Amino acid sequence: MDGKIIVVTSGKGGVGKTTATASLGAALALEGNKVAVVDMDIGLRNLDVVMGLENRIVFNVVDAVKGNCKLKQAAIKDRRVENLYLIPASQSDNKDVLNPEEMVKFGKMLRRHFDIVLIDCPAGIERGFENSVVSADEALVICTPEVSAVRDADRVIGLLYARSITPKLIVNRIIPQMVENGDMLSHTDMVDVLSIELIGLVEMDDHVVISTNTGMPLVLQKNSKAGEAFRRIAMRLNGNTDVPIQVPQSQKSIFKKIRNKLGIGG
Amino acid sequence: MFNGLFRKFSGRNKDSKELAKKRLKFALIYDKLEVSDDIIKNLHKDIVEVISRYFEIDQEALELDIRRSSEDLSALVVNTPILSAKRKKDSL
Ligand SMILES: Nc1ncnc2c1ncn2[C@@H]1O[C@H](COP(=O)(O)OP(=O)(O)OP(=O)(O)O)[C@@H](O)[C@H]1O
Ligand SMILES: [Mg+2]
């Protein structure tokens, strides 16, 4: 196999990297890819709980990189989603236990065993970031419509460019009503400021919290708008570039459109 | 429509996201060029002055922007609508 490694990064913390990694990993696996998601947030692991696999951890990514176990032993197979594997972070080490050279080697091994590898990058631009991007072929930058998040995203985009990686943008936690009122940066504003290609728009969605509570994949929840958005991003990553990007809309503007279509004033 | 009215009465005449976008653009310029607010303001003023010698421009509308032009090069982009060319008074 000659898989590709995609790093999910942001600069700023808490914008949705782990949510995106778990959701895209599941969606890509449901489309038939053999997928590994790797938690590189060493010392602060989270991807395991978001995926509901926290009680099955024996070995972790540090063990696998250091050769203390086989890759197979560190990769936990998801029982609900065929072809999806989690390589968890270790909770007791810190980010300096790994170095970029070992990560390049580890990346080569991952490519041999999986079609797609998603790397959940820690916040910040230090060693943990370095370790996460060093073996990546592609990058997804997650950003929320806030000044601080966009500024950090810009910094990270610059660092990725310096590594000859052209990242794509996912805007997360969009509140359509606020965008329509002019009180939240729209995705076009963000694309304009960041000069970067957009790959998806994910709105604020209670299902994200619910799915994290239960450990059930977001993309398996029927009525989740965020889940639907991640499924569409996965299709695009999978090469279906003609899947259109849907702009989240408020209930109000949807009703307005329906009223206009029916010819009822309002 | 009611939103617009509400904004007028509440003294907010601009969308807050417009302000966010403007602040962001400047923040990115400062970050990349590692220059201060004052320097950018002076640069802005000087550019307006120079262009105004040749063209009638809307001084408020002149925009400074930083674009990534290649992997490690940034470009300073000046964008201004030109209202008209100035007649050369001294050529009489
Ligand atoms: N689209 C969304 N709608 C609602 N809540 C969301 C959405 N995306 C993320 N969240 C919530 O935001 C919080 C942060 O998300 P997440 O943990 O994925 O971010 P992160 O970038 O991985 O954070 P960190 O930098 O700490 O690793 C979580 O509580 C998550 O449930
Ligand atoms: Mg995280």
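Everything numeric here is computed off the predicted structure, so don't read it as measured data.

Criteria and cut-off values
- Residues numbered from 1 in each chain as written.
- Chains lettered and ligands numbered in written order.
- Predicted model: local features only at pLDDT ≥ 70, side-chain atom pairs only at ≥ 80, totals over all residues.
- Heavy atoms only, no water.
- Contact = heavy atoms within 4.5 Å.
- Buried area = accessible area lost by both parts, 1.4 Å probe.
- Salt bridge = Lys/Arg side-chain N within 4 Å of Asp/Glu carboxyl O.
- Polar contact = N/O pair within 3.5 Å; in protein donor to acceptor, adjacent residues only side chain to side chain.
- Helix = DSSP H or I, 4+ residues; strand = E, 2+ residues; numbered from the N terminus.
- Near = heavy atom within 4 Å.
- Nonpolar A, V, L, I, M, F, W, Y, C, P; charged D, E, K, R; others polar.
- Core = buried A, V, L, I, M, F, W, Y, C linked by side-chain atoms within 4.5 Å.
- Buried < 20%, exposed > 50% of the residue type's maximum accessible area, 1.4 Å probe, protein only.
- pLDDT = per-residue confidence, 0-100.
- Phe/Tyr/Trp six-rings, centres within 6.5 Å; stacked < 30°, edge-to-face > 60°.
- Lys NZ or Arg CZ within 6 Å of the ring centre and 35° of its normal.
- Pairing = 2+ DSSP bridges.
- Axes fitted to C-alpha atoms, helices over the stretch in contact; angles between N-to-C directions.
- Disulfide = S-S within 2.5 Å.
- Domains from an automatic or database assignment.

1. Structural notes on the interface of chain A and chain B
Link 1 in the chain: Counting residues at the interface gives 18 residues for chain A and 16 residues for chain B.
Link 2 in the chain: Taking both sides of the interface into account, the surface hidden between chain A and chain B amounts to around 1700 Å²; carbon and sulfur atoms contribute 49%.
Link 3 in the chain: Considering only the side of chain A, the residues that lose the most area to chain B are Val147, Arg151 and Val193 of chain A, jointly responsible for 28% of the buried surface there.
Link 4 in the chain: For the pair chain A and chain B, the number of links is six salt bridges.
Link 5 in the chain: The shortest N-O distance in the salt bridge between Asp31 of chain B and Arg151 of chain A comes to 2.7 Å.
Link 6 in the chain: Counting across the interface, chain A meets chain B through eight residue pairs in polar contact (both at pLDDT 80 or more).
Link 7 in the chain: Elements represented by at least two residues in the side of chain A that touches chain B include exactly helix 7 (147-161) and helix 9 (187-194) of chain A.

2. Things to note about the site of ligand 1
All names here are of chain A.
Link 1 in the chain: Around ligand 1 there are 16 residues in total, and Lys17, Thr18, Thr19, Asn172 and Arg173 lie nearest to it.
Link 2 in the chain: In the model, an oxygen atom of ligand 1 is placed 2.9 Å from a nitrogen or oxygen of the Gly14 main chain.
Link 3 in the chain: Interatomic distance of 2.8 Å between a side-chain N/O atom of Lys17 and an oxygen atom of ligand 1.
Link 4 in the chain: When contributions to the shell around ligand 1 are tallied by element, the ones reaching two or more residues are helix 1 (17-30), strand 7 (168-174) and strand 8 (197-203).
Link 5 in the chain: Ranked by residues supplied to the shell around ligand 1, first place goes to helix 1 with three residues.
Link 6 in the chain: Among the residues making up the shell around ligand 1, the classes are represented as five nonpolar, six polar and five charged.

3. Observations concerning the nonpolar core
Link 1 in the chain: Grouped together as the largest cluster of nonpolar side chains are 87 residues, with contacts concentrated most on Leu24, Val61, Ile87 and Phe106 of chain A.
Link 2 in the chain: One finds Ile47, Val48, Ile57 and Leu62 of chain B within the second-largest nonpolar core, a separate group that totals nine residues.

4. Section: the confidence of the model for chain B
All names here are of chain B.
Link 1 in the chain: For chain B, per-residue confidence averages 77 on the pLDDT scale, and 74% of positions sit at 70 or higher.
Link 2 in the chain: Looking over chain B, one finds the lowest element-wise mean pLDDT in helix 1 (residues 2-9), namely 50, and the highest in strand 1 (residues 55-57), namely 90.
Link 3 in the chain: Across the whole predicted complex the pTM is 0.87, and at the interface the ipTM reaches 0.80.

5. What to know about the packing of aromatic side chains
Between two aromatic rings, the relevant description is the distance of the centres plus the angle of the planes.
Link 1 in the chain: Applying the stated criterion across every chain, the model contains two aromatic pairs over all chains.
Link 2 in the chain: With 6.2 Å between their ring centres and 35° between their planes, Phe26 of chain B and Tyr30 of chain B make a pair best called tilted. Of this pair, Phe26 of chain B and Tyr30 of chain B both sit in helix 2 (residues 16-33), four residues apart, which is roughly one turn of the helix.
Link 3 in the chain: Sitting above the plane of the Phe114 of chain A ring, Lys34 of chain A keeps its charged end 5.2 Å from the centroid.

6. Details of the sheet that holds strand 5 (residues 116-120) of chain A
Residue and element names in this part refer to chain A.
Link 1 in the chain: One open sheet accounts for eight strands, arranged 3-4-2-5-1-6-7-8; its pairing is mixed. If you trace the sheet from one side to the other, it starts and ends with strand 3 (76-77) and strand 8, each paired once.
Link 2 in the chain: Taken together, the four bridges between strand 1 (residues 4-9) and strand 6 (residues 138-143) define a ladder with parallel strand orientation. The residue of strand 6 that forms the bridge with Val8 is Leu140.
Link 3 in the chain: Together, strand 6, strand 7 and strand 8 form the strand contacts of helix 9, whose direction differs from that of strand 7 by roughly 145°.

7. Comments concerning the state of the cysteines
All names here are of chain A.
Link 1 in the chain: Within the structure shown, the criterion is met by zero disulfides over all chains.
Link 2 in the chain: Here Cys143 stays free of any disulfide, with the sulfur of Cys121 as its closest cysteine sulfur at 14 Å.
Link 3 in the chain: The class of Cys143 is buried, set by a relative accessible area of 0%.

8. A closer look at the domain arrangement of chain B
Residues and elements named next belong to chain B.
Link 1 in the chain: According to the domain assignment, chain B contains domain 1 (1-34) and domain 2 (35-86).
Link 2 in the chain: In this assembly, seven residues from domain 1 lie in contact with ten residues from domain 2.
Link 3 in the chain: At the boundary of domain 1 with domain 2, total buried surface from both sides reaches about 900 Å², with 68% on carbon and sulfur atoms.
Link 4 in the chain: Considering only the surface of domain 1 that becomes buried against domain 2, Ile29, Tyr30 and Lys32 emerge as the three largest contributors, covering 54% of it.
Link 5 in the chain: Across the domain 1-domain 2 interface, the total number found is one salt bridge.
Link 6 in the chain: When the shortest N-O distance is used, the salt bridge between Glu63 and Lys25 registers 3.8 Å.
Link 7 in the chain: Here domain 1 is connected to domain 2 by zero residue pairs in polar contact (both at pLDDT 80 or more).
Link 8 in the chain: Residue composition of the side of domain 1 that touches domain 2, grouped by class: four nonpolar, no polar and three charged.

9. What about the pattern of salt bridges?
Link 1 in the chain: Summed over all chains, the structure comprises 17 salt bridges over all chains.
Link 2 in the chain: Of the charged contacts in the structure, one is a salt bridge between Glu138 of chain A and Lys4 of chain A, with a shortest N-O distance of 3.5 Å. Of this pair, Glu138 of chain A sits in strand 6 while Lys4 of chain A sits in strand 1, placing them 134 residues apart in sequence.
Link 3 in the chain: Its relative accessible area of 23% is what places Lys4 of chain A among the partly exposed residues.
Link 4 in the chain: Between Glu18 of chain B and Lys17 of chain B there is a salt bridge, with the nearest N and O atoms lying 3.6 Å from each other.
Link 5 in the chain: Taking relative accessible area as the criterion, Lys17 of chain B reaches 13% and is therefore assigned buried.
Link 6 in the chain: Each of Asp189 and Asp192 of chain A together with Lys17, Glu18, Lys21, Lys25 and Glu63 of chain B takes part in salt bridges that share partners, so that together they form one network.

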